[in-house]
Amino acid sequence: MEIKYKIQEENYSLFLRDKIDKSLENKINSINSDKKILFVYDKKIEKKLINQILKILKNSGCFIVALEFQGSKKNKNEKTMLNLIDIMLDNKFTKKSIVISFGGGVLGDVAALAASLYYRGTIYFNIPSTMTSIIDSCVGGKTGINFRNIINSIGNYYHPNAVFIYNEVIKSIPNREFIAGIPEIIKCGLIKKNRILKILQNKKKEILTRNFKVISNLCAETLKTKIFFFKNDVNKKNKRLILNFGHTFAHSIEMATERLTKKEYYRHGEAVGLGILCEIYFSNMGENKLLKNVEGLLKLYGLPIKIDKGNFHNKKHILLNNIYKFIFLDKKKISRYPRYISMKKLNKPTVKELQNNHLILETINNFI
């Protein structure tokens with residue numbers, strides 16, 4: 001399966017393949033490049049998959065610089081990004097050289113930012129390796145690094161010329177990482193009418209056993225929904241903001257729990273699930289049918305519907321205050337109030353501001 005889309009008269013492609021095939025090699029050979037490739041891969045990926053990609057790259061006749069990367073949030077910083085640029089400079093890369101990332105959202109964000117800045121932009125391909133990156137961050141063009149403990153406080157928009165999603169990679173994803181991608185899929189089912197929620201409800205067994213026919217259709221529906229929202233609003237001035245449903249609270253939950261535990265406590269997707277619940281609760285000033293339905297769907301896949309207060313014994317007040325504080329650092333804020341996505345009815349999202357401080361605290365407290 002190939003999904004083609006256009007942004008400002010430029011053509012982009014997304015490939016969904018049952019196995020690692022010649023689609024990558026064919027794409028490399030079809031573009032005007034200088035045959036130099038920086039291949040950056042996450043060290044957690046199975047060696048056999050890395051070797052398969054390397055073999056394809058070598059078959060293309062290109063000069064390859066392969067670099068191992070530790071795909072953790074602590075490496076999503078300016079030092080890592082500048083190191084990639086150093087390597088490109090040392091190997092005399094040009095604007096026609098290719099950067100290929102093989103990893104999750106952290107690596108994709110850093111590599112894409114480096115590719116966008118090197119000589120004001122070189123060619124970039126993305127091979128996502130986590131479920132969240134496969135169904136969310138691999139398209140849309142967001143790049144970024146974390147700076148001064150604020151998520152994605154430095155970044156821009158730079159779209160991968162091509163994205164390659166492989167079944168063999170999906171099958172290799174650890175179970176928690178695989179399930180953590182589900183909330184981003186749920187998000188796309190909530191913000192636009194499509195088949196996503198129906199597939200999630202009716203095809204649990206096939207999804208959990210990673211049946212590629214079902215998974216590829218689910219990924220395609222999700223990515224097409226994302227493309228629908230960003231293709232005419234790349235810089236997030238209007239319609240694209242809808243894709244942030246759940247994220248105002250989610251990022252705050254991520255940062256607050258990480259600060260208390262000194263480690264990544266929630267995967268991004270897990271936090272997004274909690275954030276979606278928070279934003280539905282805030283939208284409706286309490287519980288409603290939509291909230292219960294989303295809770296049921298999260299529970300169906302074993303995802304959290306409450307912040308696990310047992311692991312924050314005697315720190316609930318600190319956790320609540322930190323989540324509240326981080327909400328007001330959200331980068332979507334354009335006035336004194338943070339913005340969020342309000343949803344009172346299914347498929348009817350709107351961008352609004354969090355202006356009720358009491359309700360913000362009530363919302364957070366309800367999910368701890």
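Whatever comes next refers back to the structure up there.
This text gives an overview of the structure that appears in the document. (Residues numbered from 1 in each chain as written. Predicted model: local features only at pLDDT ≥ 70, side-chain atom pairs only at ≥ 80, totals over all residues. Heavy atoms only, no water.)

## Topic: helix 11 (residues 212-230)
- The end-to-end C-alpha separation of helix 11 is 26 Å, in line with the 27 Å expected for 19 residues at 1.5 Å each.
- Counted residue by residue, helix 11 has 15 buried out of 19 residues, so it is predominantly covered.
- Two or three places before Lys213, at the opening of helix 11, Asn211 has a side-chain oxygen 3.0 Å from that residue's backbone nitrogen. (Helix = DSSP H or I, 4+ residues; strand = E, 2+ residues; numbered from the N terminus. Expected span 1.5 Å × (residues − 1). Buried < 20%, exposed > 50% of the residue type's maximum accessible area, 1.4 Å probe, protein only. Polar contact = N/O pair within 3.5 Å; in protein donor to acceptor, adjacent residues only side chain to side chain.)

## As for the state of the cysteines
- All told, the structure shown has 0 disulfides when counted by the stated rule.
- In this structure Cys138 is not part of a disulfide, and its nearest cysteine sulfur, from Cys219, lies 8.5 Å away.
- Looking at the unpaired Cys188, the closest cysteine sulfur is the one in Cys219, lying at 11 Å.
- What makes Cys188 buried here is its relative accessible area of 2%. (Disulfide = S-S within 2.5 Å.)

## Details of the sheet that holds strand 6 (residues 123-128)
- What the 7 strands build is an open sheet, ordered 1-2-9-6-5-3-4; its pairing is mixed. Only two strands of the sheet have a single neighbouring strand rather than two, namely strand 1 (2-7) and strand 4 (63-69). Direction aside, the axes of adjacent strands within the sheet are offset by 15° on average.
- Pairing geometry for strand 6 and strand 9 (residues 162-166), over 2 bridges, is parallel. For Phe125, the partnering residue across the bridge sits in strand 9 and is Ala162.
- Against the sheet, helix 3 (residues 78-90) engages strand 3 (36-42), strand 4 and strand 5 (98-103), with an angle of about 160° to strand 4. (Pairing = 2+ DSSP bridges. Axes fitted to C-alpha atoms, helices over the stretch in contact; angles between N-to-C directions. Contact = heavy atoms within 4.5 Å.)

## Notes on the pairing of strand 8 (residues 150-154)
- In this structure, strand 7 (residues 145-147) lies alongside strand 8, joined through 2 bridges in antiparallel fashion. Considered in strand 8, the bridge of Phe147 is made with Ile150.
- From the end of strand 7 to the start of strand 8, which pair antiparallel, there are 2 residues, and Arg148 there has a positive phi angle of about 55°.

## Side note on unusual backbone geometry
- Backbone geometry at Met285 places phi at a positive 55°, although glycine is not the residue there.
- Counting through the fold element by element, Met285 comes out in the loop between helix 13 (268-284) and helix 14 (289-300).
- Assessed through its relative accessible area of 63%, Met285 is described here as exposed.
- Unlike most non-glycine residues, Asn347 shows phi in positive territory, near 65°.
- Along the chain, Asn347 falls in the loop between strand 10 (339-343) and strand 11 (349-353).
- Accessibility expressed as a relative area gives 22% for Asn347, which makes it partly exposed.

## Re the side chain of Asn77
- Positionally, Asn77 belongs in the loop between strand 4 and helix 3.
- For Asn77, a relative accessible area of 18% corresponds to the buried category.
- In this structure the side chain of Asn77 is engaged in a polar contact, spanning 2.8 Å, whose partner is the backbone oxygen of Lys74.
- In contact with Asn77, other than residues within four places in its own chain, are Ile145 and Asn146.

## Observations concerning the pairing of strand 4
- Examined bridge by bridge, strand 3 and strand 4 share 7 bridges and lie parallel to one another. In the strand pairing of strand 4, Lys36 is matched with Phe63.
- Taken together, strand 3, helix 2 (residues 47-59) and strand 4 constitute a β-α-β crossover, and its handedness is right-handed. (Right-handed = clockwise from strand over helix to strand, strands pointing away.)

## Side note on the environment of Phe147
- Secondary-structure assignment places Phe147 in strand 7.
- Remark: the alpha-carbon pair of Phe147 and Lys224, spanning 77 residues in sequence, is separated by 31 Å.
- Residues within four places of Phe147 in sequence aside, it is in contact with Glu78, Ser153 and Ile154.

## What to know about the pattern of salt bridges
- A full pass over the atoms with the stated rule returns 15 salt bridges.
- The shortest N-O distance in the salt bridge between Glu254 and Lys73 comes to 2.8 Å. In this pair, Glu254 is assigned in helix 12 (residues 247-261) and Lys73 in the loop between strand 4 and helix 3, connecting sequence segments 181 residues apart.
- On the accessibility criterion, Lys73 (23% relative accessible area) is partly exposed.
- Arg267 is the salt-bridge partner of Glu177, the closest N and O atoms lying 2.5 Å from each other. (Salt bridge = Lys/Arg side-chain N within 4 Å of Asp/Glu carboxyl O.)

## Brief notes about the environment of Asn322
- Within the secondary structure layout, Asn322 lies in helix 15 (residues 316-327).
- Taking the relative accessible area as the measure of exposure, Asn322 reaches 10% and is therefore buried.
- Residues Asn322 and Leu218, 104 residues apart in the sequence, show an inter-C-alpha distance of 35 Å.
- Setting aside residues up to four positions removed in sequence, Asn322 forms contacts with Ala256 and Arg259.

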